[in-house]
Amino acid sequence: MSKSEEIAEIYKQYMMPTYAPSVVLDKAKGSRVFGVDGTQYYDLTSGIGVHNIGHCHPEVVKAIQSQVEVLGHCSNLFMHEGQALLAKKLVELSGLGGKVFFCNSGAEANEAAIKLARKWGSANGGRYEIVTMRNSFHGRTLATITATGQDWCQQGYEPLPVGFAYADFNDIESVKAAVTDKTVAIMLEAVQGEGGVNPATEEFMAGVRALCDEKNLIMICDEVQCGMGRTGKWWGWQNYSVQPDLFTVAKSIADGIPMGALVSNEKFADVFTVGSHASTFGGNPVACAAALATIGVIEKYDLLGAAAKKGEMLKAALESFAEKYDQILDVRGLGLMLGMVTEGPAKDVVQAFADGGVLTCTAGEHVVRFLPTLSMKDSHLEEAVEMMGETLDELFGVAE
Ligand SMILES: *Cc1c(COP(=O)(O)O)cnc(C)c1O
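Residues numbered from 1 in each chain as written. Predicted model: local features only at pLDDT ≥ 70, side-chain atom pairs only at ≥ 80, totals over all residues. Heavy atoms only, no water.

Peer 1: Looking at this model, I keep getting lost on the pattern of salt bridges. Mind explaining?
Peer 2: The final tally for this structure, using the stated rule, is 13 salt bridges. Here Lys300 makes a salt bridge to Glu59, at a shortest N to O gap of 3.3 Å. Here the residue Lys300 occupies a position in helix α9 (residues 285-300), and Glu59 occupies one in helix α3 (residues 58-70), the gap between them amounting to 241 residues. For Lys300, a relative accessible area of 55% corresponds to the exposed category. According to the relative accessible area criterion, Glu59 is partly exposed, its value standing at 29%. (Salt bridge = Lys/Arg side-chain N within 4 Å of Asp/Glu carboxyl O. Helix = DSSP H or I, 4+ residues; strand = E, 2+ residues; numbered from the N terminus. Buried < 20%, exposed > 50% of the residue type's maximum accessible area, 1.4 Å probe, protein only.)

Set out below in structure tokens:
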């Protein structure tokens, strides 16, 4: 039995089968990961949107090492410099003039946003309902699967928490129709990730903002996947003319160390008060050090500019695939958050790409999702594109 088969066996026996993972990895560097058997892959998933600045970035590795040696954890009963600096930095990068709450994941950040909205709503007209979008994705806790407008992740978990209503993404009339006198917030992704890599339209974002202003609702953007430079801007919503009241960040904020954050504007900065929400690990010193280093790297190497430029490069390549093969129907996305719509099951294409040495993931049944590292070398991206082209030739039977 190979090492990889051995590990897969142990997974099978001891891991609850919530995932169906493929390759066994043991090393990574930049935009490449390596299987235990030594096979090299280009990782166009970045660990599902986590390693925006690349795997094992030396500046982040060093920050983590230095921090863990001096103060690994202290809880929020005490203060530490990293948390102060990171909160200040996130508020500055948002331009919203508010405050930050730290937690450990995307679901938790959204859970915090939901709780903040309810707390404010309870004091402002007894309102609690949150309108979310069909095909959205907000996490896997009970409240966040309910916020997620997709049946597949809710089925079997009933009864679900009350207080959520659904509207169609990019259809402002549908959002208006979902708002009642109990509505307190509208929550959405500027670019829907899991739901199929769907960017919001400018009209829609502006419409949601106007509706929130008119009805005194909180506009919440879930930036867990489209934030941290992924779309060529710090935050996905910065591609539009509007600002949300709250937004959530996680995935790539600390380049692989689990962390989540809720960022507010000034109006909602003091809705949470002492004791009203908490997290043991939230804003942990190691996570804060990693996040500060990650943000530093994005600034130092202009990875926002890189995301925009490489996004255009990859999009053009995917569009050329769509032109060449009838089985590829469309290409969409923003910056380095791209989706390729397939006629057949996307998972078959993802598997074939992996067999050919390029890791991608699905977003729904018919979309292959690309989330490469923003720091990926042009030559590596070109090589990955060439490898995918060869795979598609084999898969879709184009003669040489
Ligand atoms: C991944 C994701 C989440 C959930 O994040 P976890 O860290 O897995 O809890 C929430 N929202 C969006 C948009 C995501 O992509």
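Peer 1: Please clarify how the pairing of strand β7 (residues 183-188) should be interpreted in this entry.
Peer 2: The side chains of a regular strand alternate between the sheet's two faces. Judged by how many residues are buried, β7 sits mostly within the fold: six of six residues are covered. The pairing of strand β5 (residues 129-133) with β7 spans three bridges and is parallel. Bridging from a neighbouring strand, Glu129 pairs with Thr183 of β7. Of the strand pairs in this sheet, β7 and strand β10 (residues 218-222) are connected by four bridges, and their pairing is parallel. (Pairing = 2+ DSSP bridges.)

Peer 1: Can you help me understand the site of the ligand in this one?
Peer 2: Taken together, Ser105, Gly106, Ala107, Asn110, Phe137, His138, Gly139, Glu189, Asp222, Val224, Gln225 and Lys251 are the residues near the ligand. Here an oxygen atom of the ligand sits 2.8 Å away from a polar atom, N or O, in the main chain of Gly106. Note that an oxygen atom of the ligand is positioned 2.8 Å from one of the backbone N or O atoms of Ala107. Computed on the free molecule, the ligand has an accessible area of 380 Å², of which 80% lies beneath the protein chains in the complex. By residue number, the principal contributor to the shell around the ligand is helix α5 (residues 106-123), which donates three residues. Looking at the shell around the ligand residue by residue, the classes come out as three nonpolar, six polar and three charged. (Near = heavy atom within 4 Å. Polar contact = N/O pair within 3.5 Å; in protein donor to acceptor, adjacent residues only side chain to side chain. Areas by Shrake-Rupley, 256 points an atom, 1.4 Å probe, with all protein chains shown as cover. Nonpolar A, V, L, I, M, F, W, Y, C, P; charged D, E, K, R; others polar.)

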